[in-house]
Amino acid sequence: MVFSSMTYLFVFLPMVLLAYFIAPPQARNMVLLAFSLIFYAWGEPVYIFLMLMSITVNYVFGRIIANNRAHHSRYAKLNLGIAVGWNLVALGIFKYYPFVSSQLRGIGLGFVPSLKLLLPIGISFYTFQAISYLVDIYRNQIRVQRGFLKFALYISMFPQLIAGPIVRYEDVEKQLSKRKVTLAMFGNGGEFFLRGLIKKVLLANQLGALYVQIESLGVAHTSVMTAWLGAFAYTFQIYFDFSGYSDMAIGLGKMFGFRFPKNFDYPYTATSITSFWRRWHISLSSWFREYVYIPLGGKRVSPAKHVRNILIVWMLTGFWHGAGWNFMLWGLYYGILLLLEKYVIHDRISSHPWPGRILTFLLVTLGWMFFVHTDFSAMLTYVGHMFGVGCSFANATTGYFIRTGLFVLLLGLFFSTPIFHRLNEQFAVQYYTASIALRIVMFMLCVAALVYQSYNPFLYFRF
Amino acid sequence: MTDREARERARKLRFFRLLGIVFVMMIFLLAFLRLVWPRKAYSAQERRTLAQLPAMTTENLRNGAFSDAMEEYLADQFPARNVWVYLDELRGRIMGEKYSQGVYRSGSSYLIEEFKRTDDNRAAKTTKAVLDYLREYPDIQSYIMLVPNSSWIMNDKLPTGAPIDSQEEWYTMWAQDVKNAGLSNLTVVSPAAALSAEVEQGKQIYYRTDHHWTTFGAYVGARELAQAMDLPFEEQNWKQVVVHDRFQGTLMSKSGFYSRTADTVELYLPDPDIGIVTTYKEQQKTLSGLYSSEGLTGDDPYEVFFGGNYPWLAISTTSKSNRKLLIFKDSYANAMIGFLCPFFSEIHVVDPRYYTGDIRTLTASAGITDICFLYNINTYYEDGSLSLILEGGEADE
């Protein structure tokens, strides 16, 4: 189920709110867990068994590791290895096997059986949560969760279940046992949720339509400028789509008394690639830093090893986003950019933020064109158009897309900066009735768009 | 904390408390309305049956079909659905959107369907099948008329620079190919110049919100065709009757773009009247005349012509002519066939999208003297069924 659906907004959400707040406090975890499992099973019920198995395995191994980490550290380590291995194998089979087997068959290894598997929703997210939990226990950074119900809730909690943020156990440990929701906190959650819904339904979907229209232009109509407009449209689309989902998740968390970490911090205002990745999908990049990069030695090693570490981390980051060569390329692209930034450019252009900001934004935009095209020849054609291969600089169609798309692109630009949020907050404090009225209108526009759009997939579902 | 900060904090808390209440009220109000709102079976605006509450089975629960059907049901039966759709259309208009589902909103009141050259080969295959078929009947006079759509004739009404492919370009190439095939019994009728001339005179060739041409447009088309067929068209008088004056068509439904304007639907009746009997061959029914009052009162008044599209119609007239016509057609022809009736004693109308019989048996048995292919360019370009029925006969031999 996705948040921006009729089923969620007008059936699931009212039911879970009603059940949660009617239930006595000691039963509330149970209510949330039950609804989370329904939420997960909705649409793809077979994988509920995978989810339950994952919860059980990780719960048991968590306890084994905790019991042995003090006195039998080797045994604890062995169990950590088995448990992490189990998680990775599950992820590998369901997410990567179809891709890997088709590649192997492609190079003549016809005996490799092909297998058509639907990707279990959210597996990339909850697998990473489980791994972080196990490793943190092994490192003695957290206490083990003895309550099976609470642990199951940590893994499967519906707000962040299918598209993050990847919540570390220590962030919610206390709240799993004891949490309080005030009306103001609930309202604050509502604010986040509405913001996310608006980002997804009113911005991302319109930007997406613009991109699709430009992407499908034949060579007779496209031009350098049009191709860049399309690339910008996608760049904003994916930001609003994904950060909108995170906002909704954070907002829902607040409504039930959980505080999830921030996942985006105005990434398109970053002045360098390094800073971009500190602001984009923060919970994922910090996961890779914590559990891959630093264990490999981070940057406290020889430059050659450092280069190796960066490239490994970024290939994996790319591959996490999808089973396809284009995601690998996209990850590698960032690995190389980060190395260039670290070893070649240093601080040479950071004396003034704007050149770095603009360059970073353009590089990120280009990167998304690797990301979005799973087909290499389509990727080459599109990126070629951006650099004038086989098309003119601008034509009448460019004018058409400027006239019909500029407004939504400018909105995208505006909402990508902190300026809007500052204004919004001041406005809310000073004219709160007007602010409330504005939110009602925006919510109605979201509902209208949802009624109109029967087609409404979440981009981040693939992961 | 200073007084001012404390005040701000208090106001912020008050804002969030109020928002919390409003949020819950919005969700629950709509959820409640949804529960009690009467269910509808059909949407006239969208011309489709609306989804109903799906039945739950282990099978559809397991494969996810139930959740899809549920979402569809909730969206289709949403309280005051049309009002929400209108609201979203308004938002799109304000945000400058001009394109939806293959339809452009023009500056004037016209909605214009796009033309996309996705696959020239498909149309080339159709053309080859047509030519091969006609080669088998060198003694039958044959005609092919592809009618331009509004994206060609009313090209100046499109938003400037809209990335639409040129029908004219494709048509010129196509007409050249047909000419190169060198069939002496085939005449290509090109109505574009005549249609453009009428548009310049301020005449309405296309419906504003529908993809069809108006009856007047069909009249102009018939005039061009009649000239090629050497029919005494100019001697015939027509009586014009308005049968509908609130016509809003398919392009509006398809795009969701609202247009306040409505068109009139006219019929041109031969004057003096002639006798016409239409046999719906596969439906086993025979009606007098060409027009359907049921079609007129339904959701698509264009169905006044024959009541819609049927696989095979046999029309016999009281005309003294000894010519018998076979037409392969799409719905553009429906408005035009009436103009040909006074000049043929029999007209067989085949819609390849629905026809399943053997076309060669029909051609040979009915004593056909003329064959005509009558399509609008969009359908001819996109639809593969014509080549299928023409080739199907060959495979049987």
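What you see is a predicted model, and the numbers here were worked out from it, not measured in a lab. (Residues numbered from 1 in each chain as written. Chains lettered and ligands numbered in written order. Predicted model: local features only at pLDDT ≥ 70, side-chain atom pairs only at ≥ 80, totals over all residues. Heavy atoms only, no water.)

## So, the overall build of chain A
Part 1 of the reasoning: Of regular secondary structure, chain A possesses 19 helices and 0 strands.
Part 2 of the reasoning: Here the C-alpha radius of gyration of chain A, 23 Å, is about what a compact globule of 463 residues would show, namely 23 Å.
Part 3 of the reasoning: Once the C-alpha set of chain A is aligned to its principal axes, its extents read approximately 70 × 60 × 50 Å.
Part 4 of the reasoning: Counting over 463 residues, chain A shows a buried share of 58%.
Part 5 of the reasoning: Taking as baseline every contact in chain A between residues at least 6 positions apart, the subset at least 24 positions apart corresponds to 77%.
Part 6 of the reasoning: Looking at chain A as shown, the accessible area adds up to about 19200 Å², and 68% of this sits on carbon and sulfur atoms.
Part 7 of the reasoning: Taking the 37 positively charged and 15 negatively charged side chains of chain A as two groups, their mean positions are separated by 6 Å. (Helix = DSSP H or I, 4+ residues; strand = E, 2+ residues; numbered from the N terminus. Rg over C-alpha atoms; globule rule 2.2 N^0.38 Å. Buried < 20%, exposed > 50% of the residue type's maximum accessible area, 1.4 Å probe, protein only. Contact = heavy atoms within 4.5 Å. Areas by Shrake-Rupley, 256 points an atom, 1.4 Å probe, with all protein chains shown as cover. Lys, Arg positive; Asp, Glu negative; His and termini not counted. Charge placed at Lys NZ, Arg CZ, Asp CG, Glu CD.)

## Overview of a positive patch on the surface
Part 1 of the reasoning: A surface patch of like charges, here positive, comprises Arg278, Arg289, Lys299, Arg300 and Lys342 of chain A.
Part 2 of the reasoning: For Arg278 of chain A, the location among the structural elements is in helix 11 (residues 273-279). (Patch = residues over 30% accessible without salt bridge, like charges linked within 9 Å, V, L, I, M, F, W, Y side chains within 5 Å. Salt bridge = Lys/Arg side-chain N within 4 Å of Asp/Glu carboxyl O.)

## Side note on the domain arrangement of chain B
Residues and elements named next belong to chain B.
Part 1 of the reasoning: Taken as a whole, chain B is organised into domain 1 (1-36), domain 2 (39-81) and domain 3 (111-396).
Part 2 of the reasoning: Once you take the C-alpha centre of each, domain 2 and domain 3 turn out to be 36 Å apart.
Part 3 of the reasoning: Opposite the 5 residues of domain 2 that make contact, domain 3 presents 8 residues.
Part 4 of the reasoning: Summed over both sides, the interface of domain 2 with domain 3 buries roughly 500 Å², with 33% coming from carbon and sulfur.
Part 5 of the reasoning: Sorting the residues of domain 2 by area buried against domain 3 places Tyr42, Gln45 and Arg47 first, and these three jointly supply 87% of that buried surface.
Part 6 of the reasoning: Counting across the interface, domain 2 meets domain 3 through 0 salt bridges.
Part 7 of the reasoning: Where domain 2 packs against domain 3, one counts 0 residue pairs in polar contact (both at pLDDT 80 or more).
Part 8 of the reasoning: Class assignment of the residues belonging to the side of domain 2 that touches domain 3 gives a composition of 2 nonpolar, 1 polar and 2 charged. (Domains from an automatic or database assignment. Buried area = accessible area lost by both parts, 1.4 Å probe. Polar contact = N/O pair within 3.5 Å; in protein donor to acceptor, adjacent residues only side chain to side chain. Nonpolar A, V, L, I, M, F, W, Y, C, P; charged D, E, K, R; others polar.)

## Focus on the interface of chain A and chain B
Part 1 of the reasoning: With 55 residues of chain A at the interface, the matching set in chain B holds 55 residues.
Part 2 of the reasoning: Counting the surface lost from both chain A and chain B, the interface buries some 4900 Å², and carbon and sulfur atoms represent 75% of this.
Part 3 of the reasoning: One can count 1 salt bridge joining chain A with chain B.
Part 4 of the reasoning: Scanning the region where chain A abuts chain B turns up 11 residue pairs in polar contact (both at pLDDT 80 or more).
Part 5 of the reasoning: Mapped onto the side of chain A that touches chain B, the elements with two or more residues apiece are helix 1 (6-22), helix 9 (183-215), helix 17 (396-415), helix 18 (418-430) and helix 19 (432-452) of chain A.
Part 6 of the reasoning: Broken down by element, the residue count for the side of chain A that touches chain B peaks at 13 residues, all from helix 19 of chain A.
Part 7 of the reasoning: Among the residues making up the side of chain A that touches chain B, the classes are represented as 37 nonpolar, 14 polar and 4 charged.

## Considering helix 16 (residues 376-386) of chain A
Residues and elements named next belong to chain A.
Part 1 of the reasoning: Residues of helix 16 that are buried include every one of Met379, Tyr382, Val383, Gly384, His385 and Met386, and no others.
Part 2 of the reasoning: Where helix 16 is buried, its residues contact helix 9, helix 10 (224-255), helix 14 (325-345) and helix 15 (353-372).
Part 3 of the reasoning: Two residues or fewer past helix 16, Gly388 is found with a positive phi of approximately 80 degrees.

## Considerations on the packing of helix 19 of chain A against helix 1 (residues 3-36) of chain B
Part 1 of the reasoning: The contact between helix 19 of chain A and helix 1 of chain B brings their axes to 10 Å, and the two run at 30 degrees. As judged from the angle between their axes, helix 19 of chain A and helix 1 of chain B are roughly parallel. The crossing of helix 19 of chain A and helix 1 of chain B is right-handed. Judged by residue contacts, Tyr432, Ser435, Ile436, Arg439, Ile440, Phe443 and Val447 of chain A of helix 19 of chain A engage Arg11, Arg14, Phe15, Leu18, Leu19, Val22, Met26, Ile27 and Leu30 of chain B from helix 1 of chain B.
Part 2 of the reasoning: Partitioned by chemical class, the residues of the contact of helix 19 of chain A with helix 1 of chain B number 12 nonpolar, 1 polar and 3 charged. (Axes fitted to C-alpha atoms, helices over the stretch in contact; angles between N-to-C directions. Parallel < 35°, antiparallel > 145°, perpendicular 65-115°, else oblique. Left-handed = near helix turned anticlockwise from the far one by under 90°.)

## Re the domain arrangement of chain A
All names here are of chain A.
Part 1 of the reasoning: Once the domains are mapped, chain A shows domain 1 (6-179) and domain 2 (185-271 + 350-462).
Part 2 of the reasoning: Its C-alpha centre places domain 1 at a distance of 29 Å from the equivalent point of domain 2.
Part 3 of the reasoning: Contacts between domain 1 and domain 2 engage 29 residues on the former and 23 residues on the latter.
Part 4 of the reasoning: A buried area of about 2200 Å², summed over both sides, lies between domain 1 and domain 2, and 80% of it is on carbon and sulfur atoms.
Part 5 of the reasoning: Applying the counting rule to domain 1 against domain 2 returns 0 salt bridges.
Part 6 of the reasoning: Seen at the junction of domain 1 and domain 2, the total is 3 residue pairs in polar contact (both at pLDDT 80 or more).
Part 7 of the reasoning: Mapped by element, the contributors of at least two residues to the side of domain 1 that touches domain 2 are helix 1, helix 2 (28-41), helix 7 (158-161) and helix 8 (169-177).
Part 8 of the reasoning: Considering each element in turn, the side of domain 1 that touches domain 2 owes the most residues, 9 residues, to helix 1.

## Some remarks on the packing of aromatic side chains
Part 1 of the reasoning: For the structure on display, the rule yields 109 aromatic pairs over all chains.
Part 2 of the reasoning: Seen in terms of ring centroids, Tyr20 of chain A and Phe256 of chain A are 4.8 Å apart; in terms of plane orientation they differ by 75 degrees. Their pairing is edge-to-face. Taken as a pair, Tyr20 of chain A in helix 1 and Phe256 of chain A in the loop between helix 10 and helix 11 lie far apart in primary sequence, 236 residues in all.
Part 3 of the reasoning: For Phe256 of chain A, a relative accessible area of 1% gives the class buried.
Part 4 of the reasoning: Summarising the aromatic geometry, the rings of Trp238 of chain B and Phe339 of chain B are spaced 5.0 Å apart at their centres and angled 75 degrees between planes, so their arrangement reads as edge-to-face. A residue pair is termed long-range when its members are at least 10 positions apart, and Trp238 of chain B in strand 8 (residues 237-247) and Phe339 of chain B in helix 12 (residues 337-340) qualify at 101 residues.
Part 5 of the reasoning: Trp238 of chain B sits in the buried class, given a relative accessible area of 16%.
Part 6 of the reasoning: The positively charged end of Lys285 of chain B is found above the aromatic ring belonging to Tyr280 of chain B, 4.7 Å away from the centroid. (Phe/Tyr/Trp six-rings, centres within 6.5 Å; stacked < 30°, edge-to-face > 60°. Lys NZ or Arg CZ within 6 Å of the ring centre and 35° of its normal.)

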